[in-house]
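# Fold and contact review
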Amino acid sequence: MWLKLFFLLLYFLVLFVLARFFEAIVWYETGIFATQLVDPVALSFKKLKTILECRGLGYSGLPEKKDVRELVEKSGDLMEGELYSALKEEEASESVSSTNFSGEMHFYELVEDTKDGIWLVQVIANDRSPLVGKIHWEKMVKKVSRFGIRTGTFNCSSDPRYCKRRGWVRSTLIMSVPQTSTSKGKVMLKEYSGRKIEVEHIFKWITTHAASRIKTIYNAEHLKEEWNKSDQYWVKIYLFANLDQPPAFFSALSIKFTGRVEFIFVNVENWDNRSYMTDIGVYNMPSYILRTPEGIYRYGNHTGEFISLQAMDSFLRSLQPEVNDLFVLSLVLVNLMAWMDLFITQGATIKRFVVLISTLGTYNSLLIISWLPVLGFLQLPYLDSFYEYSLKLLRYSNTTTLASWVRADWVFYSSHPALFLSTYLGHGLLIDYFQKKRRRSTTEEVNASNLEWLSSLWDWYTSYLFHPIASFQNFPVESDWDEEPDLYLERLAFPDLWLHPLIPTDYIKNLPVWQFKCLGIQSEEEMSEGSHDTENDSDIESTDTFSGEKEVFEDKQSRVHNSLRRASHCGAEACSCANKDCQTSLYERKGRSYGSSNTNEDMEPNWLTWPADMLHCTECVVCLENFENGCLLMGLPCGHVFHQNCIVMWLAGGRHCCPVCRWPSYKKKQPYAQRQPLSNDVPS
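In this text the structure is predicted, and so the values were computed from the model without any measurement.

On to the packing of aromatic side chains. Two descriptors summarise a pair of aromatic rings, namely the distance from one centre to the other and the angle between the planes of the rings. Within the structure shown, the criterion is met by 35 aromatic pairs. Consider the rings of Y162 and W168, whose centres lie 5.7 Å apart with planes at 85°: the pair is edge-to-face. We note that Y162, like W168, is buried. Here the aromatic rings of W227 and Y238 are separated by 5.0 Å at their centres, their planes lie at 45°, and the arrangement is tilted. Of this pair, W227 sits in helix α9 (residues 220–228) while Y238 sits in strand β7 (residues 235–241), and the two are 11 residues apart along the sequence. Note on W227: relative accessible area 6%, which makes it buried. Here the aromatic residues F249, F250, F263, Y288, Y297, Y299 and F315 are joined through ring pairs into a cluster of three or more. The residue whose ring lies beneath R20 is F16, and the NZ or CZ to ring-centre distance is 4.7 Å. Seen from the ring of F203, K143 lies directly overhead, with NZ or CZ sitting 4.7 Å from the centre.

This is the structure:
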């Protein structure tokens with residue numbers, strides 16, 4: 001996860017540097033920046049109309065270029081970045097979709113239940129033609145969609161009762177706007193009553209109703225009263241302009257940020273005394289002033305702060321976000337981080353996509369689960385101060401120059417999705433290249449084909465399905481069920497009628513391995529050193545050794561028989577420690593070991609070198625041969641011991657159980673209580 005987060009932050013850094021690189025290229029080729037002001041006099045009549053359409057100002061009664069230019073200047077300063085965005089949006093010939101309502105419930109769900117937006121709906125009465133023709137309606141849809149106004153068509157033939165109850169007996173236009181200034185308040189439906197069925201007249205009707213919700217100030221006394229008033233709104237944005245009504249984008253934003261930001265329009269068209277505006281820091285017209293508890297911020301002085309809907313929307317969202325904005329942002333970041341797995345994972349192509357789907361599901365599930373307590377936490381009444389301090393921190397950080405660059409890059413890349421996706425893909429391919437290079441340097445094998453990886457995935461799945469213990473537990477692992485001494489339950493838990501799973505053999509390397517040694521066998525060097533000792537010292541040492549060993553033997557002899565009886569349930573007839581004949585021969589050899597003879601076959605095994613939980617025996621039941629001095633032995637969790645080569649071949653052949661007691665070789669077993677090693681016995 002941390003690796004993916006690092007690569008995601010690195011990708012954002014690449015986007016930031018790439019945006020600055022593009023700005024440098026534009027400056028090198030044209031000598032202008034995106035924040036450079038444009039003189040409206042140098043623009044053509046068509047470009048001026050394009051700017052007015054993007055800002056939402058009507059120009060139908062202005063035939064002269066001079067009048068159009070003055071209207072552009074009255075609405076705000078024009079920057080190169082805004083001009084480029086407006087021309088690009090005008091050239092785009094993408095058709096905007098419009099909703100077709102199927103009935104009352106569909107209409108109520110989308111229109112009447114929408115509290116923070118504007119809807120324009122064309123109602124077509126039964127057996128009547130629509131009020132706006134198809135061509136004009138498409139133009140209308142494209143024009144109003146720039147300002148976030150959604151459109152739809154309701155045909156009364158689909159639900160005539162609802163149209164009759166509403167009184168829609170003729171074809172008309174319906175606009176829905178929020179009725180109150182509170183968030184998620186009621187909406188009201190307004191019907192178009194104009195006689196002229198033209199796009200400009202209908203658009204003016206829409207903007208007039210939307211602007212009526214904005215508080216308008218016409219004199220200095222009212223401005224002074226409003227400026228010094230403290231109410232529920234922490235953030236207020238003022239538009240000081242010499243206009244009849246605010247632009248459409250300003251009115252649309254006032255509806256979108258209902259309950260969060262208060263929009264105030266100050267009409268200075270007929271003001272004689274503007275001294276108070278100078279006192280509060282307003283010197284130029286028009287001016288967009290943001291007033292917060294922290295101070296005054298002049299919108300338009302930083303990078304990307306254009307007089308447009310998209311730019312001001314991103315600016316206000318960063319200052320006064322709602323919970324849904326934070327959730328969408330976290331959802332985008334989490335999914336971008338999860339998609340990094342497609343490039344970080346090495347191996348077969350199918351493996352990459354399987355890991356990607358798994359990561360997407362896991363990350364999104366964790367995101368939704370983590371948001372549930374956060375939502376409940378935010379509803380507590382004692383967190384008002386925490387909420388205020390959080391918003392204060394956002395306002396401080398998002399009014400900096402760096403934040404304006406980030407917002408400008410966000411607007412740029414969101415309007416160029418192909419560039420965003422291509423840079424993400426290129427970044428991912430670079431990650432894939434360096435990951436492959438790193439794997440080669442560490443000599444890791446990752447070049448499995450799709451079929452090989454699918455085969456290994458199926459093997460893992462079947463092992464998990466039929467035997468989860470083998471897939472998730474490596475020896476040794478403690479388990480409460482392993483402490484059950486009842487052999488019947490142990491056998492019942494793993495009957496032979498079950499399907500044998502494909503069990504990984506990784507546990508074999510964790511099994512205990514040691515060397516079989518016998519007492520009394522010395523190396524040549526030790527024997528040569530022993531020959532220099534005096535005969536008297538040797539007699540004393542042998543006497544002490546014999547007396548000590550005899551005491552140990554007498555103490556342990558009774559416990560040996562108890563240990564053998566506990567281990568007798570394994571049925572290991574070949575285990576010489578569990579065989580009476582072997583015990584007899586063992587005692588006989590032990591008796592001979594106290595004599596002068598010192599041959600290998602008479603030597604007693606050194607049980608002190610054996611692991612404490614291993615059963616004592618001198619024969620391998622796999623090959624039916626005795627253990628020789630110096631050979632390697634391997635023990636199983638059940639306690640039985642075999643030649644290392646013999647038991648490894650047995651387990652690697654797919655028989656993952658003990659050859660004696662059939663206990664699973666990968667499963668930990670509770671060691672037998674009070675197991676003691678055999679001592680040097682004397683013949684009975």
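This part takes up the sheet that holds strand β15 (residues 641–643). Here 3 strands make up an open sheet; going across it, the order is β11-β14-β15 and the pairing antiparallel. The open sheet terminates on both sides in strands that have one partner only, identified here as β11 (513–515) and β15. The sheet shows a mean angle of 35° between the axes of neighbouring strands, direction not considered. The pairing of strand β14 (residues 632–635) with β15 spans 3 bridges and is antiparallel. Note that in β15 the partner of M634 across the bridge is F642.

Spatially, 5 strands are ordered β1-β3-β2-β4-β5 in an open sheet, and the strand pairing comes out mixed. One side of each edge strand has no neighbouring strand; the edge strands of this open sheet are β1 (99–101) and β5 (187–191). The mean angle between the axes of side-by-side strands here comes to 25°, regardless of whether they run parallel or antiparallel. Across 5 bridges, the pairing between strand β4 (residues 172–178) and β5 is antiparallel.

Calculation rules
All residue numbers refer to position in the chain's written sequence, counted from 1. Owing to the predicted nature of the model, reporting of local features is limited to residues with pLDDT of at least 70; listing and counting of side-chain atom pairs is limited to 80 or more, with chain, interface and lining totals taken over all residues. Only hydrogens and water are set aside when side-chain values are computed; all heavy atoms of the structure are taken into account. Under the pairing criterion, centres of Phe, Tyr and Trp rings, with the six-membered ring standing for Trp, must be within 6.5 Å; the plane angle then separates stacked pairs below 30 degrees from edge-to-face pairs above 60, leaving the rest tilted. Throughout, exposure labels follow a simple rule: accessible area from a 1.4 Å probe, protein chains only, divided by the maximum for the residue type, with under 20% read as buried, over 50% as exposed, and the rest as partly exposed. Put simply, DSSP H or I for four residues or longer makes a helix, DSSP E for two residues or longer makes a strand, and each gets a number counted from the N terminus. Either the NZ atom of lysine or the CZ atom of arginine qualifies as a charge over a ring when it sits within 6 Å of the ring centre and within 35 degrees of the ring normal. Should DSSP find at least two bridges between two strands, the strands are regarded as paired. Between N-to-C directions, angles span 0 to 180 degrees; the directions come from axes that are lines fitted to C-alpha atoms, helices contributing only their stretch in contact.

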